[in-house]
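# A look at the structure
Residues per chain are reported as follows:
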Amino acid sequence: MKYRIEITPPDISRYRSGNTGVDYVHVMDSGKPGPSVMVQALTHGNEFSGAIALDYLFTEKVRPLKGKLTFAFANVAAFERFDFADPDRSRCIDEDYNRVWADEVLLGPRESAELRRARELRPFVDGADYLLDLHTMTEPCRPIMVCGMLDKGAEFARRVGFPADLLIDTGHPAGLRMRDRGGFGDPASPKNALLIEAGQHWEKSSVDVAIDTTLRFLQVTGTLDPAFVQPRLRLTPPAKQRVVRVTEPITALSARFRFAQPWKGLERLPRAGTVVAIDGDKIWRTPYDDCVLVMPSTAHVKPGNTMVRLGRYD
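The present account deals with the structure reproduced in this document. Model, not experiment: these values are computed from the prediction.

Criteria and cut-off values
Residues numbered from 1 in each chain as written. Predicted model: local features only at pLDDT ≥ 70, side-chain atom pairs only at ≥ 80, totals over all residues. Heavy atoms only, no water. Helix = DSSP H or I, 4+ residues; strand = E, 2+ residues; numbered from the N terminus. Buried < 20%, exposed > 50% of the residue type's maximum accessible area, 1.4 Å probe, protein only. 1 Å grid on protein atoms, 1.4 Å probe; cavity = no way out; pocket = protein on both sides within 12 Å on 5 of 7 lines; lining within 4 Å. Points joined across faces, edges and corners; volume = space filled by probe spheres on them. Nonpolar A, V, L, I, M, F, W, Y, C, P; charged D, E, K, R; others polar. Phe/Tyr/Trp six-rings, centres within 6.5 Å; stacked < 30°, edge-to-face > 60°. Lys NZ or Arg CZ within 6 Å of the ring centre and 35° of its normal. Pairing = 2+ DSSP bridges. Right-handed = clockwise from strand over helix to strand, strands pointing away. Contact = heavy atoms within 4.5 Å. Disulfide = S-S within 2.5 Å. Axes fitted to C-alpha atoms, helices over the stretch in contact; angles between N-to-C directions.

### Overview of unusual backbone geometry
The step from Phe162 to Pro163 runs through a cis peptide bond, and the omega angle for that step is 0°. With respect to the helices and strands, Pro163 occurs in the loop between helix 5 (151-160) and strand 6 (165-168). In this structure, Lys61 is a non-glycine residue whose phi angle is positive, near 55°. With respect to the element layout, Lys61 can be found in the loop between helix 1 (49-59) and strand 3 (68-73). A residue is classified by how much of its surface remains accessible, and Lys61, at 62% relative accessible area, is exposed.

Set out below in C-alpha coordinates:
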(Lines give C-alpha, C1' and ligand atoms only; values in the text may rest on other atoms or scores of the structure.)
Protein backbone atom coordinates (compact mmCIF):
# COMPACT_ATOMS: atom_id res chain seq x y z
CA MET A 1 0.00 0.00 0.00
CA LYS A 2 1.18 3.50 -0.80
CA TYR A 3 0.90 6.16 1.88
CA ARG A 4 0.66 9.90 1.50
CA ILE A 5 3.99 11.71 1.88
CA GLU A 6 3.19 14.56 4.25
CA ILE A 7 6.75 15.74 4.90
CA THR A 8 9.49 17.01 2.62
CA PRO A 9 13.01 15.56 2.54
CA PRO A 10 15.23 18.17 4.22
CA ASP A 11 18.22 19.79 2.55
CA ILE A 12 21.11 18.46 4.63
CA SER A 13 23.88 19.42 2.19
CA ARG A 14 25.07 22.17 4.55
CA TYR A 15 25.91 19.49 7.12
CA ARG A 16 28.26 17.56 4.86
CA SER A 17 31.47 19.15 6.09
CA GLY A 18 31.55 18.65 9.83
CA ASN A 19 34.48 18.81 12.20
CA THR A 20 35.40 15.12 12.29
CA GLY A 21 36.88 14.36 8.89
CA VAL A 22 33.86 12.16 8.15
CA ASP A 23 31.08 13.60 6.01
CA TYR A 24 27.81 14.37 7.78
CA VAL A 25 29.17 13.69 11.27
CA HIS A 26 29.43 16.54 13.77
CA VAL A 27 30.88 16.36 17.29
CA MET A 28 30.19 19.12 19.80
CA ASP A 29 32.58 19.07 22.77
CA SER A 30 31.57 20.92 25.92
CA GLY A 31 35.12 20.82 27.27
CA LYS A 32 33.71 19.45 30.53
CA PRO A 33 33.75 15.88 31.84
CA GLY A 34 30.67 13.91 30.91
CA PRO A 35 29.28 11.17 28.73
CA SER A 36 29.72 10.79 25.01
CA VAL A 37 26.22 10.91 23.51
CA MET A 38 25.29 10.14 19.90
CA VAL A 39 22.10 10.69 17.91
CA GLN A 40 21.85 9.18 14.42
CA ALA A 41 19.36 9.80 11.63
CA LEU A 42 18.97 8.19 8.19
CA THR A 43 19.92 4.68 9.17
CA HIS A 44 17.50 4.03 6.31
CA GLY A 45 17.41 6.62 3.56
CA ASN A 46 13.63 6.73 3.24
CA GLU A 47 13.16 7.41 6.97
CA PHE A 48 13.91 11.11 7.07
CA SER A 49 11.81 12.43 9.95
CA GLY A 50 14.92 11.90 12.06
CA ALA A 51 16.93 14.05 9.65
CA ILE A 52 14.32 16.78 10.03
CA ALA A 53 14.69 16.47 13.81
CA LEU A 54 18.49 16.84 13.64
CA ASP A 55 18.11 19.78 11.27
CA TYR A 56 15.78 21.40 13.82
CA LEU A 57 18.26 20.85 16.65
CA PHE A 58 21.09 22.30 14.59
CA THR A 59 19.00 25.42 13.90
CA GLU A 60 18.23 25.65 17.63
CA LYS A 61 22.01 25.72 18.21
CA VAL A 62 22.11 22.86 20.72
CA ARG A 63 25.32 22.58 22.70
CA PRO A 64 26.11 19.96 25.36
CA LEU A 65 26.30 21.04 28.99
CA LYS A 66 28.93 18.37 29.58
CA GLY A 67 30.70 15.64 27.68
CA LYS A 68 30.42 15.31 23.91
CA LEU A 69 27.41 15.27 21.61
CA THR A 70 27.59 13.65 18.16
CA PHE A 71 25.00 14.15 15.43
CA ALA A 72 25.30 11.82 12.44
CA PHE A 73 23.40 11.40 9.18
CA ALA A 74 24.11 7.79 8.28
CA ASN A 75 23.03 6.41 4.90
CA VAL A 76 23.09 9.72 3.02
CA ALA A 77 23.81 8.00 -0.31
CA ALA A 78 20.49 6.15 -0.09
CA PHE A 79 18.64 9.26 1.09
CA GLU A 80 19.95 11.28 -1.86
CA ARG A 81 18.12 9.05 -4.31
CA PHE A 82 14.72 9.54 -2.64
CA ASP A 83 11.98 9.61 -5.26
CA PHE A 84 8.39 10.59 -4.45
CA ALA A 85 7.24 8.14 -7.14
CA ASP A 86 9.14 5.23 -5.55
CA PRO A 87 9.94 6.24 -1.96
CA ASP A 88 10.95 2.81 -0.65
CA ARG A 89 13.77 2.58 -3.20
CA SER A 90 15.86 4.90 -1.03
CA ARG A 91 15.85 2.59 2.00
CA CYS A 92 19.35 1.38 1.15
CA ILE A 93 21.83 1.02 -1.70
CA ASP A 94 23.13 -2.57 -1.43
CA GLU A 95 21.88 -3.91 1.90
CA ASP A 96 20.32 -2.93 5.23
CA TYR A 97 22.74 -0.60 7.05
CA ASN A 98 21.24 -1.75 10.35
CA ARG A 99 22.17 -5.43 9.95
CA VAL A 100 25.95 -5.14 9.50
CA TRP A 101 27.16 -4.30 13.01
CA ALA A 102 28.64 -7.63 14.11
CA ASP A 103 32.45 -7.62 14.08
CA GLU A 104 32.61 -10.60 11.73
CA VAL A 105 30.70 -8.52 9.16
CA LEU A 106 31.90 -5.02 9.91
CA LEU A 107 35.57 -6.01 10.15
CA GLY A 108 35.39 -8.74 7.50
CA PRO A 109 36.33 -8.70 3.81
CA ARG A 110 32.85 -8.19 2.34
CA GLU A 111 32.08 -4.85 0.64
CA SER A 112 28.91 -2.82 0.13
CA ALA A 113 27.90 0.83 0.22
CA GLU A 114 26.34 0.34 3.65
CA LEU A 115 29.36 -1.48 5.03
CA ARG A 116 31.69 1.27 3.87
CA ARG A 117 29.53 3.87 5.60
CA ALA A 118 29.21 1.78 8.78
CA ARG A 119 32.98 1.42 8.90
CA GLU A 120 33.30 5.21 8.74
CA LEU A 121 30.88 5.66 11.63
CA ARG A 122 32.11 2.76 13.77
CA PRO A 123 34.55 4.87 15.86
CA PHE A 124 31.74 7.23 16.84
CA VAL A 125 29.34 4.38 17.66
CA ASP A 126 31.95 2.48 19.64
CA GLY A 127 32.94 5.67 21.48
CA ALA A 128 29.39 6.53 22.56
CA ASP A 129 28.15 5.95 26.09
CA TYR A 130 24.56 6.64 25.05
CA LEU A 131 23.05 6.24 21.58
CA LEU A 132 19.69 7.16 20.06
CA ASP A 133 18.84 5.83 16.59
CA LEU A 134 15.94 7.61 14.84
CA HIS A 135 13.65 5.43 12.70
CA THR A 136 10.12 5.25 11.31
CA MET A 137 7.83 2.39 10.24
CA THR A 138 6.31 1.19 6.99
CA GLU A 139 2.76 0.94 8.35
CA PRO A 140 0.83 3.56 10.35
CA CYS A 141 1.31 2.61 13.98
CA ARG A 142 1.72 4.43 17.26
CA PRO A 143 5.37 5.04 18.20
CA ILE A 144 7.47 2.22 19.62
CA MET A 145 10.73 2.51 21.56
CA VAL A 146 12.94 -0.43 20.67
CA CYS A 147 14.92 -1.09 23.84
CA GLY A 148 17.00 -3.97 22.52
CA MET A 149 17.28 -7.39 24.07
CA LEU A 150 18.03 -6.33 27.65
CA ASP A 151 15.98 -4.96 30.52
CA LYS A 152 18.46 -2.11 30.95
CA GLY A 153 17.16 -0.63 27.70
CA ALA A 154 13.58 -0.56 28.99
CA GLU A 155 14.73 0.96 32.27
CA PHE A 156 16.49 3.70 30.31
CA ALA A 157 13.38 4.27 28.16
CA ARG A 158 11.28 4.71 31.29
CA ARG A 159 13.62 7.52 32.33
CA VAL A 160 13.14 9.14 28.93
CA GLY A 161 9.39 8.81 29.57
CA PHE A 162 8.25 8.57 25.96
CA PRO A 163 6.56 6.90 24.07
CA ALA A 164 3.96 4.63 25.70
CA ASP A 165 5.02 1.34 24.07
CA LEU A 166 8.45 -0.08 24.88
CA LEU A 167 9.83 -3.15 23.13
CA ILE A 168 12.26 -5.77 24.38
CA ASP A 169 12.97 -8.09 21.47
CA THR A 170 15.21 -10.89 20.26
CA GLY A 171 17.23 -8.98 17.66
CA HIS A 172 17.16 -9.71 13.95
CA PRO A 173 18.17 -13.05 12.40
CA ALA A 174 19.45 -11.16 9.34
CA GLY A 175 22.19 -9.38 11.28
CA LEU A 176 23.22 -7.30 14.30
CA ARG A 177 21.71 -3.84 14.69
CA MET A 178 23.83 -0.83 15.59
CA ARG A 179 21.91 -0.38 18.85
CA ASP A 180 22.91 -3.90 20.00
CA ARG A 181 26.62 -3.54 19.24
CA GLY A 182 29.30 -3.88 21.91
CA GLY A 183 28.47 -2.48 25.32
CA PHE A 184 24.94 -1.58 24.27
CA GLY A 185 24.16 -5.29 24.13
CA ASP A 186 26.14 -6.22 27.25
CA PRO A 187 24.11 -6.38 30.49
CA ALA A 188 27.25 -5.65 32.52
CA SER A 189 28.13 -2.49 30.60
CA PRO A 190 26.93 0.98 31.68
CA LYS A 191 26.46 1.89 28.02
CA ASN A 192 22.90 2.12 26.77
CA ALA A 193 21.10 2.63 23.46
CA LEU A 194 17.56 3.20 22.24
CA LEU A 195 15.90 3.06 18.84
CA ILE A 196 12.71 5.03 18.31
CA GLU A 197 10.19 3.99 15.68
CA ALA A 198 8.49 7.38 15.44
CA GLY A 199 5.44 6.40 13.37
CA GLN A 200 4.78 5.85 9.68
CA HIS A 201 7.65 7.02 7.48
CA TRP A 202 6.06 10.15 6.07
CA GLU A 203 3.46 11.24 8.59
CA LYS A 204 3.85 14.76 9.96
CA SER A 205 3.43 13.37 13.46
CA SER A 206 6.62 11.31 13.07
CA VAL A 207 8.66 14.52 13.07
CA ASP A 208 7.17 15.67 16.38
CA VAL A 209 7.85 12.25 17.89
CA ALA A 210 11.46 12.29 16.65
CA ILE A 211 12.09 15.78 18.02
CA ASP A 212 10.47 15.14 21.39
CA THR A 213 12.21 11.79 21.86
CA THR A 214 15.59 13.31 21.03
CA LEU A 215 15.10 16.25 23.39
CA ARG A 216 13.98 14.00 26.24
CA PHE A 217 16.86 11.61 25.58
CA LEU A 218 19.38 14.46 25.66
CA GLN A 219 17.88 15.78 28.89
CA VAL A 220 18.05 12.38 30.60
CA THR A 221 21.70 11.91 29.61
CA GLY A 222 22.52 15.32 31.12
CA THR A 223 23.51 16.68 27.72
CA LEU A 224 20.85 19.42 27.61
CA ASP A 225 19.40 21.58 30.38
CA PRO A 226 15.70 21.03 31.16
CA ALA A 227 15.28 24.79 30.76
CA PHE A 228 16.26 24.36 27.10
CA VAL A 229 14.29 21.16 26.54
CA GLN A 230 10.92 21.75 28.19
CA PRO A 231 9.74 24.79 26.16
CA ARG A 232 10.52 22.93 22.93
CA LEU A 233 8.54 19.77 23.65
CA ARG A 234 5.52 19.28 21.41
CA LEU A 235 3.79 16.18 22.79
CA THR A 236 2.26 15.19 26.11
CA PRO A 237 4.05 12.20 27.64
CA PRO A 238 1.98 9.07 28.26
CA ALA A 239 0.48 8.50 31.69
CA LYS A 240 1.81 4.95 31.57
CA GLN A 241 4.45 3.04 29.62
CA ARG A 242 4.09 -0.66 28.83
CA VAL A 243 6.71 -3.20 27.79
CA VAL A 244 6.03 -5.60 24.94
CA ARG A 245 8.35 -8.56 25.33
CA VAL A 246 8.98 -10.38 22.03
CA THR A 247 9.06 -14.15 22.22
CA GLU A 248 9.77 -14.97 18.58
CA PRO A 249 10.10 -13.44 15.12
CA ILE A 250 8.31 -14.64 12.02
CA THR A 251 10.70 -14.63 9.06
CA ALA A 252 9.91 -15.10 5.40
CA LEU A 253 10.68 -18.48 3.87
CA SER A 254 9.99 -17.29 0.32
CA ALA A 255 8.72 -14.37 -1.73
CA ARG A 256 5.22 -15.87 -1.39
CA PHE A 257 4.95 -14.72 2.24
CA ARG A 258 1.71 -12.90 3.04
CA PHE A 259 -0.26 -11.89 6.12
CA ALA A 260 -3.63 -13.41 6.88
CA GLN A 261 -5.04 -9.92 7.43
CA PRO A 262 -3.77 -6.38 6.71
CA TRP A 263 -2.12 -5.97 10.11
CA LYS A 264 -0.82 -2.48 10.98
CA GLY A 265 1.04 -3.11 14.22
CA LEU A 266 0.43 -3.54 17.97
CA GLU A 267 -2.76 -5.53 17.35
CA ARG A 268 -3.52 -7.70 20.35
CA LEU A 269 -4.98 -11.04 19.24
CA PRO A 270 -6.99 -12.56 22.09
CA ARG A 271 -6.95 -16.24 21.12
CA ALA A 272 -4.01 -18.61 20.71
CA GLY A 273 -4.04 -20.32 17.31
CA THR A 274 -5.12 -17.27 15.32
CA VAL A 275 -3.59 -17.34 11.84
CA VAL A 276 -1.04 -14.54 11.43
CA ALA A 277 0.68 -15.32 8.13
CA ILE A 278 1.02 -17.85 5.33
CA ASP A 279 4.07 -18.74 3.26
CA GLY A 280 3.36 -21.57 0.83
CA ASP A 281 2.48 -24.59 2.96
CA LYS A 282 3.64 -22.90 6.16
CA ILE A 283 0.99 -21.32 8.38
CA TRP A 284 2.00 -19.17 11.36
CA ARG A 285 -0.43 -18.94 14.27
CA THR A 286 -0.35 -17.05 17.54
CA PRO A 287 1.33 -19.27 20.15
CA TYR A 288 -0.61 -17.87 23.14
CA ASP A 289 -3.57 -15.69 24.09
CA ASP A 290 -3.26 -11.88 23.91
CA CYS A 291 -0.42 -12.07 21.39
CA VAL A 292 0.84 -8.65 20.22
CA LEU A 293 1.97 -8.15 16.62
CA VAL A 294 5.02 -5.90 16.42
CA MET A 295 5.78 -3.96 13.21
CA PRO A 296 4.28 -6.28 10.58
CA SER A 297 5.30 -5.38 7.04
CA THR A 298 5.65 -7.02 3.64
CA ALA A 299 7.50 -4.07 2.12
CA HIS A 300 10.75 -6.07 2.09
CA VAL A 301 9.77 -9.70 1.57
CA LYS A 302 12.93 -11.76 1.25
CA PRO A 303 13.83 -15.20 2.67
CA GLY A 304 15.36 -14.66 6.11
CA ASN A 305 13.90 -11.18 6.64
CA THR A 306 11.77 -10.59 9.73
CA MET A 307 8.17 -9.87 8.69
CA VAL A 308 6.65 -9.46 12.17
CA ARG A 309 7.54 -10.17 15.76
CA LEU A 310 5.21 -11.87 18.26
CA GLY A 311 5.14 -10.74 21.86
CA ARG A 312 3.06 -9.96 24.89
CA TYR A 313 2.76 -7.11 27.34
CA ASP A 314 4.53 -7.60 30.66
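Continuing now.
### Observations concerning the layout of surface pockets
Estimates place the volume of the largest pocket at around 810 Å³. Arg91, Asp96, Arg99, His300 and Thr306 are, among the 38 residues lining the largest pocket, the residues nearest its centre. When contributions to the lining of the largest pocket are tallied by element, the ones reaching two or more residues are strand 4 (130-137), strand 7 (192-200) and strand 14 (306-313). Per-element tally for the lining of the largest pocket: the top contributor is strand 14, with 4 residues. Looking at the lining of the largest pocket residue by residue, the class counts come to 13 nonpolar, 12 polar and 13 charged.

### Examining the packing of aromatic side chains
Summed over the entire model, instances satisfying the criterion amount to 13 aromatic pairs. Where Phe82 meets Phe84, the ring centres are 5.2 Å apart and the plane angle is 80°; that geometry is what we call edge-to-face. In this structure Phe82 comes out as buried when scored by relative accessible area, which is 15%. Geometrically, the ring pair formed by Phe257 and Trp284 is tilted, given 5.7 Å between the ring centres and 50° between the ring planes. With Phe257 in the loop between strand 8 (242-251) and strand 9 (258-259) and Trp284 in strand 12 (residues 282-285), this pair connects stretches of sequence that are 27 residues apart. With a relative accessible area of 13%, Trp284 lands in the buried category. For Arg242, the ring lying beneath its charged end belongs to Tyr313, and the centroid distance is 3.9 Å. In this structure, Arg312 packs its charged tip against the face of Tyr288, placed 4.0 Å from the ring centre.

### Overview of the pairing of strand 3
Burial analysis of strand 3 places 5 of its 6 residues in the buried class, the great majority of the element. Strand direction decides the pairing type here: strand 2 (residues 36-41) and strand 3, joined by 6 bridges, are parallel. The residue of strand 3 that forms the bridge with Ala41 is Phe73. Handedness of the β-α-β unit built from strand 2, helix 1 and strand 3 comes out right-handed.

### Examining helix 1
Most of helix 1 is tucked away: 10 of the 11 residues are buried. Against strand 1 (25-29), strand 2, strand 3, strand 4, strand 7 and helix 6 (204-220) lie the buried residues of helix 1. A positive phi of about 55° marks Lys61, the residue just after helix 1.

### Overview of the sheet that holds strand 12
Spatial ordering of the open sheet is given by 9-11-12, a layout of 3 strands whose pairing is antiparallel. Strand pairing shows two members of the sheet lacking a second neighbour, strand 9 and strand 12, which therefore form its edges. Across 4 bridges, strand 11 (residues 275-279) lies against strand 12 in antiparallel orientation. By the bridge assignment, Ile278 is partnered in strand 12 with Ile283.

### Focus: the state of the cysteines
Using the criterion set out here, one finds 0 disulfides in the structure. The thiol of Cys141 is not disulfide-bonded; the next cysteine sulfur, from Cys291, is found 14 Å away. With relative accessibility at 12%, the residue Cys141 sits in the buried group.

### Considering the sheet that holds strand 4
With respect to topology, 11 strands assemble into an open sheet ordered 1-3-2-4-7-5-6-8-14-13-10, the strand pairing being mixed. With one partner strand each, in any of the chains shown, strand 1 and strand 10 (268-269) form the two edges of the open sheet. Two strands pair when backbone bridges link them, and strand 8 and strand 14 are joined in this way by 7 bridges, in the antiparallel orientation. Bridge pairing links Val244 to Tyr313 in strand 14. Packed on one face of the sheet, helix 1 meets strand 1, strand 2, strand 3, strand 4 and strand 7 and runs near 135° to strand 3.

In short, geometric facts, not functional conclusions.
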